[in-house]
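Spelled out from the first residue to the last, the chains are:
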Amino acid sequence: MQLDGLATGMDTTSVIDQLVQLERRPIYNYQQEISELEMTKGAWRDVNSRLDNLEDKTTDLKLSSTYNSRSASSSNEDVVTASASNDSNEANYSITVNNVASTQRISGNRLDNSTTAIKDLTGFGSIAAENNVQINGTDITINDSDTLTDISNKINDAEAGVNASIVDNHLVLESTDTGEKNQIALVDDNDLFKSLGVLQTGDNDNSLSTNLMEVKDADTALGLTGSFQIDVEGGTGTGEITVDETTTLNDLKSQIDAIGGDLSASVTDEGNGYFSLSINSAAADSDIKLSNTGTENILSDLSFGNRSYQNELQTAEDANIDINGITGITSSTNTFSEAVDGVTFNISADAEINSTATISVAKDTGKATDAVQAFVDQYNSVMNFLDGKTEYDEEEEKGAVLQGDSTAMRLQTRVRSLVSSKIKDTGDFKTLSSVGIEIDRDGVMSFDKSKFTEALDQSSEEVMSIFNGESETDGFDGMAVRMDSYLDQLMQSNTGLIPRRLDFYDTRIDSLNDDIEDVERKVEITRERYVEQFAAMESAISEMNQQMSWMQSQLSSLAGSSSMMSNMG
């Protein structure tokens, strides 16, 4: 505890603070330097951010797709839209819609309600406690205690390529994908689907067929892997079928025929590039049972099933269109990506039959002009920012944070040189100004889109080379290639000029903070010394005061004694 001026009456704390303040002067100098370094570092961080954005815009100018892009427009987007790749031909395509792709939708019969266990509903009195059905090769277990709502939920949870819903106490099943090859394949158990009114024949599945397989012919590899077991309830024949990537439909038929007993198989050409495989049992009222034996769900891929639907509300159909008079072009979806190289046609699901539209594929200059405009805008942002950070205010007689920074000035000069210098010696377009990109006397870049578009129409390849040419193949480096290389030197992690400069500022700031801590420790030691010295001074003065008081007391006593002696005499 420090008690001020007990002997002297001095405000020793204030005196010590003033003395210590002199010791703290180096700290104020360090703090001022740190503040200046933080401002400079912040400015360079902003420069780095703007250059990073400039590099992004530069990268777009290096891509061939920026200059060779194609646009596809439709005369009636309610009928068809399209997209075109960069290598597509400029052409017009007349489209006639003969059919749109659709999903399959089937339903069961109307039940009493959807919230009562099926065992308590009419028509389900003999239903088994557990029923193992299949939808598109996916196993689903339905219990007699399940309600119609439970059944719908279990089907949806199985993600078997079918969406289940309940409409007026009817179970409705709809395929998730359009097209003939995505018909719903059902395998019943204990006549569950028959009782629901979904299937006509129930679990007497003595004939099961795959979904339509889109292959060239029955000897084309399916590209599937897995294995499954075949058993015949109420008949003979049992065995395992193995499938690898080379297995064909005819290979599957041969394996099934080899099992023997009541089993046989057949392959059917369904037309339009589709084939199917059927497994048949010769035994009356027999039931073919299939189960996966490998880790792959091959049955889901093949989708064996019974298709004796009782209520088919909507058939699964392929889309069918004519292109420039070529007929019979089909797709399982409303998207046609293989009919014309580089062009994808998207038929509207609401397109009317026999509706027509024209798709026009043309050169798309918009992508290139947008990319150049983005570069111009970012270039001006970078240069304007650097101008502001390196300027000197004559009225204020004060320079901006990077005023006099030789690195910043060299950076500006180099970037300006990269966009203004000649790029190549031959051809119609040798500089950026020849394609509409100019820099005025104030250093501001402008972009003449009309001039650029005209240059693209005249020679897109040459205009592209102005930006992305490379010395190894073209004999010169385009502006974007040069700029990207320079910006990489500036900003590359660890080795780039700007990251190294930022690291320098961080290191210097850390060092100054360490110096401040050192001075603070020394100041505290000095303060403690001053406190001890002033305390010793106060103690000494207090002792002197006490001795003086004693002497005064003694002198007063002597004076009193002398007076008494005089009076007595």
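Residues numbered from 1 in each chain as written. Predicted model: local features only at pLDDT ≥ 70, side-chain atom pairs only at ≥ 80, totals over all residues. Heavy atoms only, no water.

Undergrad: Any chance you could explain the sheet that holds strand E17 (residues 312-314) here in plain terms?
TA: Strands in a sheet are paired, the pairing made by backbone hydrogen bonds, and the direction either parallel or antiparallel. Taken together, the four strands give an open sheet; going across it, the order is E7-E8-E4-E17, and neighbouring strands pair in antiparallel fashion. Looking along the sheet, the strands with just one partner apiece sit at the ends: strand E7 (162-167) and E17. On average, adjacent strands in this sheet sit at an angle of 25° to one another, irrespective of strand direction. Note: strand E4 (residues 105-107) against strand E8 (residues 170-175), three bridges, orientation antiparallel. For Ser107, the partnering residue across the bridge sits in E8 and is Val172. Sitting on the sheet, helix H4 (residues 148-158) touches E7 and E8, and the angle it makes with E7 is about 160°. (Pairing = 2+ DSSP bridges. Helix = DSSP H or I, 4+ residues; strand = E, 2+ residues; numbered from the N terminus. Axes fitted to C-alpha atoms, helices over the stretch in contact; angles between N-to-C directions. Contact = heavy atoms within 4.5 Å.)

Undergrad: Looking at this model, I keep getting lost on the packing of aromatic side chains. Mind explaining?
TA: To describe a pair of aromatic rings, one takes the distance between the centres and the angle between the planes. One pass over the structure, following the stated rule, counts seven aromatic pairs. In this structure, Arg50 is placed above the aromatic ring of Phe385, and the distance from its NZ or CZ to the ring centre is 4.1 Å. Lying across the ring of Tyr486, Arg414 places its NZ or CZ 5.6 Å from the centre. (Phe/Tyr/Trp six-rings, centres within 6.5 Å; stacked < 30°, edge-to-face > 60°. Lys NZ or Arg CZ within 6 Å of the ring centre and 35° of its normal.)

Undergrad: For this particular structure, what's the right way to read the domain arrangement of the chain?
TA: Accessible area lost during the coming together of the parts is what is often quoted as the interface size. By the assigned domains, the chain splits into domain 1 (51-66 + 366-495), domain 2 (70-100 + 318-363) and domain 3 (105-314). Each of domain 2 and domain 3 has a C-alpha centre, and the two are 35 Å apart. (Domains from an automatic or database assignment.)

Undergrad: Explain the sheet that holds strand E16 (residues 287-292) to me, please; I cannot follow it from the model alone.
TA: Read across the open sheet, the three strands follow the order E13-E12-E16; overall the sheet is antiparallel. Every other strand in the sheet has two partners, leaving strand E13 (238-243) and E16 as the edge strands with one partner each. For this sheet, the mean angle separating the axes of adjacent strands, direction not counted, is 25°. For strand E12 (residues 226-233) and E16, the ladder comprises six bridges, and the chain directions are antiparallel. Within E16, the position partnered with Val232 by the bridge is Ile288. Along the sheet, helix H6 (residues 249-259) contacts E12 and E13; its crossing angle with E13, the most-contacted strand, is approximately 160°.

Undergrad: Is there a simple way to think about the pairing of E12 in this case?
TA: Within a regular beta strand, the side chains point alternately toward one face of the sheet and then the other, so they alternate between its two faces. Counting buried residues in E12 gives six out of eight residues, a clear majority hidden from the surface. Pairing of E12 with E13, which is carried by six bridges, proceeds in the antiparallel orientation. Note that in E13 the partner of Ile230 across the bridge is Gly239. The loop that links E12 with its antiparallel partner E13 comprises four residues; one of these, Gly234, has a positive phi angle of about 85°. (Buried < 20%, exposed > 50% of the residue type's maximum accessible area, 1.4 Å probe, protein only.)

Undergrad: So what exactly am I meant to see when it comes to the layout of surface pockets here?
TA: Its volume calculated, the largest pocket comes out at about 320 Å³. Forming the boundary of the largest pocket are 19 residues, of which Lys181, Asn182, Asn211, Asp301 and Ser303 lie nearest the centre. Residue contributions to the lining of the largest pocket peak at three residues, all from helix H7 (residues 298-302). Considered class by class, the residues forming the lining of the largest pocket number six nonpolar, nine polar and four charged. Within this model, the second largest pocket holds a volume of roughly 260 Å³. Along its surface, the second largest pocket is lined by 14 residues, and Glu214, Thr330, Ser331, Phe336 and Glu338 are the ones closest to its centre. (1 Å grid on protein atoms, 1.4 Å probe; cavity = no way out; pocket = protein on both sides within 12 Å on 5 of 7 lines; lining within 4 Å. Points joined across faces, edges and corners; volume = space filled by probe spheres on them. Nonpolar A, V, L, I, M, F, W, Y, C, P; charged D, E, K, R; others polar.)

Undergrad: I'm lost on unusual backbone geometry in this one. Help?
TA: Where the residue is not glycine, phi is negative for most of them; where a peptide bond is considered, it is trans in most cases. A positive phi is found at Glu159, a non-glycine position, where the angle reads about 50°. If you trace the backbone, Glu159 turns up in the loop between H4 and E7. Relative accessible area serves as the criterion here: at 70%, Glu159 is assigned to the exposed category. Look at Asn354: it is not a glycine, yet its phi comes out positive at around 75°.

Undergrad: Quick question: what am I supposed to make of the packing of helix H8 (residues 366-390) against helix H10 (residues 449-468) here?
TA: Two measures define how a pair of helices packs: the angle their axes make with one another and the distance between the axes. Viewed as axis vectors pointing N to C, H8 and H10 meet at an angle of 85°, and their least axial separation amounts to 10 Å. The angle between the axes of H8 and H10 places the two elements in the roughly perpendicular class. Residues Ala368, Thr369, Val372 and Gln373 of H8 touch H10, and the partners they reach there are Lys449, Phe452, Thr453, Leu456 and Phe467. Of the residues that constitute the contact of H8 with H10, the class distribution is five nonpolar, three polar and one charged. (Parallel < 35°, antiparallel > 145°, perpendicular 65-115°, else oblique.)

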